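Read off the chains here:
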Amino acid sequence: MADYGDEPHVLAVDDNLVDRKMIEALLKNSSCKVTTAENGMRALEYLGIRDDQPGESSASATTSKVNLIITDYCMPGMTGFELLKKVKGSSFLKEVPVVIMSSENVPTRINKCLAEGAQMFMLKPLKASDVKKLRCHLMNCRT
Amino acid sequence: MEVGQMQRRLVEFTKSLFVEGFLDGQFLQLQQLQDDSNPDFVVEVVSLFFQDSEKLLNDLTSALEQQDVDFKKVDAHVHQLKGSSSSIGAQRVKNACVVFRSFCEEQNLQECMRCLQLVKQEFYLAKNKFETLFTMEQQIVAAGGSIPATEITSF
């Protein structure tokens, strides 16, 4: 895996303002650089994929700005699952690990996400220990 | 009142909030995220919760007053409120939301309206408790004392 230095860059996507603030603080507390997005569209814009055009010609970037994407599942408009599919469908983003969060423990939902390529599924509300585990597991932290 | 006494009152008050179910372990997560680089984190997030949720409660009130109630919309609002109350450890608000959602699923208007009243009640109760907590903390700091860390093992 690539060397991210000491501060991996995480994109956190959640439509809930309080949750966004929490996840941001939890990630920063685990020495991550954090960018937040309030929905899937904004997340894709940030990542450099334009949603309105099919195929790779719409990509405005060639490498990923982020080392990890963590997204809420239940969001209006584009769900976390749909965002996951878009990321995995992009040739320059598909290697970026995607973690799905949800307040609901629904096995079919979890399996669906994992089958589509999500690295992990985490139950909300997230705790500091969850984020530390995530960081070490996904980004080979050097401790 | 001297600082030591204020600190003891704060510890007792905080303990009561856990014992009475107003707060759960998630609140401790919030407190742990507060440090020198983020000294007002708890107050900021809790204030954000109350501002944001007040809007949700207004939206819920009008959604339930419609001729044809859109229960999916009502449920979506309650889901949001349940999520954010859960994130800050406001347990009683969260639990009231869980019950509310079950009635949204049943599309039971009468019960939904009752649930909304209960959620509002818990919301304002929680707001009151947090305000008291923060005021007590401010008074300790103003008197030159430090805020004692919450020890879960003591209850």
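Anyway, here's the lowdown on the structure attached to this text. (Residues numbered from 1 in each chain as written. Chains lettered and ligands numbered in written order. Predicted model: local features only at pLDDT ≥ 70, side-chain atom pairs only at ≥ 80, totals over all residues. Heavy atoms only, no water.)

**Overview of the overall build of chain B**
Check the secondary structure of chain B and you find six helices and zero strands. In sequence order, the secondary structure elements of chain B are arranged as α-α-α-α-α-α. Along the first, second and third principal axes, the C-alpha atoms of chain B reach 55 × 30 × 25 Å. Expressed as a percentage of the 155 residues in chain B, the buried residues total 46%. In chain B, 14 side chains carry a positive charge and 22 a negative one; their mean positions are 4 Å apart. (Helix = DSSP H or I, 4+ residues; strand = E, 2+ residues; numbered from the N terminus. Buried < 20%, exposed > 50% of the residue type's maximum accessible area, 1.4 Å probe, protein only. Lys, Arg positive; Asp, Glu negative; His and termini not counted. Charge placed at Lys NZ, Arg CZ, Asp CG, Glu CD.)

**Concerning the interface of chain B and chain A**
Taken residue by residue, the interface counts 20 residues in chain B and 17 residues in chain A. Scanning the region where chain B abuts chain A turns up two salt bridges. The salt bridge partner of Glu44(B) is Lys21(A), with a shortest N-O separation of 3.4 Å. Summed over the shared surface of chain B and chain A, the number is eight residue pairs in polar contact (both at pLDDT 80 or more). Ranked by the residues each element gives to the side of chain B that touches chain A, the list is headed by helix α4 (residues 71-88) of chain B, at eight residues. (Contact = heavy atoms within 4.5 Å. Salt bridge = Lys/Arg side-chain N within 4 Å of Asp/Glu carboxyl O. Polar contact = N/O pair within 3.5 Å; in protein donor to acceptor, adjacent residues only side chain to side chain.)

**Quick look at helix α1 (residues 3-19) of chain B**
All names here are of chain B. Between its terminal C-alpha atoms α1 stretches 24 Å, which fits the 24 Å expected from 17 residues at 1.5 Å a residue. Buried within α1 are the following residues: Gly4, Met6, Leu10, Phe13, Thr14, Leu17 and Phe18. Along its buried surface, α1 packs onto α2 (25-32) and α6 (109-142). Regarding α1, its N-cap is Glu2, as a side-chain oxygen of that residue lies 3.2 Å from the backbone nitrogen of Gly4 further along. (Expected span 1.5 Å × (residues − 1).)

**Notes on the sheet that holds strand β2 (residues 33-37) of chain A**
Residue and element names in this part refer to chain A. An order of β2-β1-β3-β4-β5 is seen for the five strands of this open sheet, with the pairing classed as parallel. Looking at strand neighbours, the two that pair on one side only are β2 and β5 (120-123), the edges of this open sheet. Ignoring which end each strand starts from, the neighbouring axes of this sheet average 20° apart. The pairing of strand β3 (residues 68-72) with strand β4 (residues 98-102) spans four bridges and is parallel. Residue pairing for β4: Ile70 is matched across the bridge by Val99. Set on the sheet, helix α1 (residues 17-29) makes contact with β1 (9-13), β2, β3 and β4; between it and β2 the angle comes to about 165°. Strands in contact with helix α2 (residues 40-47) are β1, β2 and β3; relative to β1, the strand with the most contacts, it is inclined by about 155°. (Pairing = 2+ DSSP bridges. Axes fitted to C-alpha atoms, helices over the stretch in contact; angles between N-to-C directions.)

**Quick word on the environment of Leu126(A)**
When you line up the elements, Leu126(A) lands in the loop between β5 and α5 (128-139). The class for Leu126(A) is buried, based on a relative accessible area of 5%. Spatially, the C-alpha atoms of Leu126(A) and Met101(A) are 8.4 Å apart, while their sequence positions differ by 25 residues. Excluding its chain neighbours within four sequence positions, the residues that come into contact with Leu126(A) are Ile23(A), Leu26(A), Ile70(A), Met101(A), Val131(A) and Gln26(B).

**Points about the packing of aromatic side chains**
Under the counting rule described, the total for this entry stands at seven aromatic pairs over all chains. The interplanar angle of 90° and the centroid separation of 5.0 Å between the aromatic rings of Phe123(B) and Tyr124(B) together place this pair among those described as edge-to-face. For Phe123(B), a relative accessible area of 0% gives the class buried. Of the aromatic side chains, those joined through ring pairs into one cluster are Phe27(B), Phe49(B), Phe50(B), Phe123(B), Tyr124(B), Phe130(B) and Phe134(B). When the ring centre of Phe81(A) is taken as reference, the NZ or CZ atom of Lys112(A) above it lies at 4.4 Å. Positioned above the aromatic ring of Phe22(B) is the side chain of Arg92(B), whose terminal nitrogen or guanidinium carbon lies 4.2 Å from the ring centre. (Phe/Tyr/Trp six-rings, centres within 6.5 Å; stacked < 30°, edge-to-face > 60°. Lys NZ or Arg CZ within 6 Å of the ring centre and 35° of its normal.)

**What about α1(A)?**
Because an α-helix completes one turn every 3.6 residues, residues spaced three or four positions apart along the sequence face the same direction. All names here are of chain A. If you check α1, its first and last C-alpha atoms are 18 Å apart, about what 13 residues at 1.5 Å a residue would give, namely 18 Å. If you check which residues of α1 are buried, you get Val18, Asp19, Arg20, Met22, Ile23, Ala25, Leu26 and Leu27. The backbone nitrogen of Val18 lies 3.0 Å from a side-chain oxygen of the residue at the head of α1, namely Asn16. Count one or two residues on from α1 and you reach Ser31, which has phi positive near 55°.

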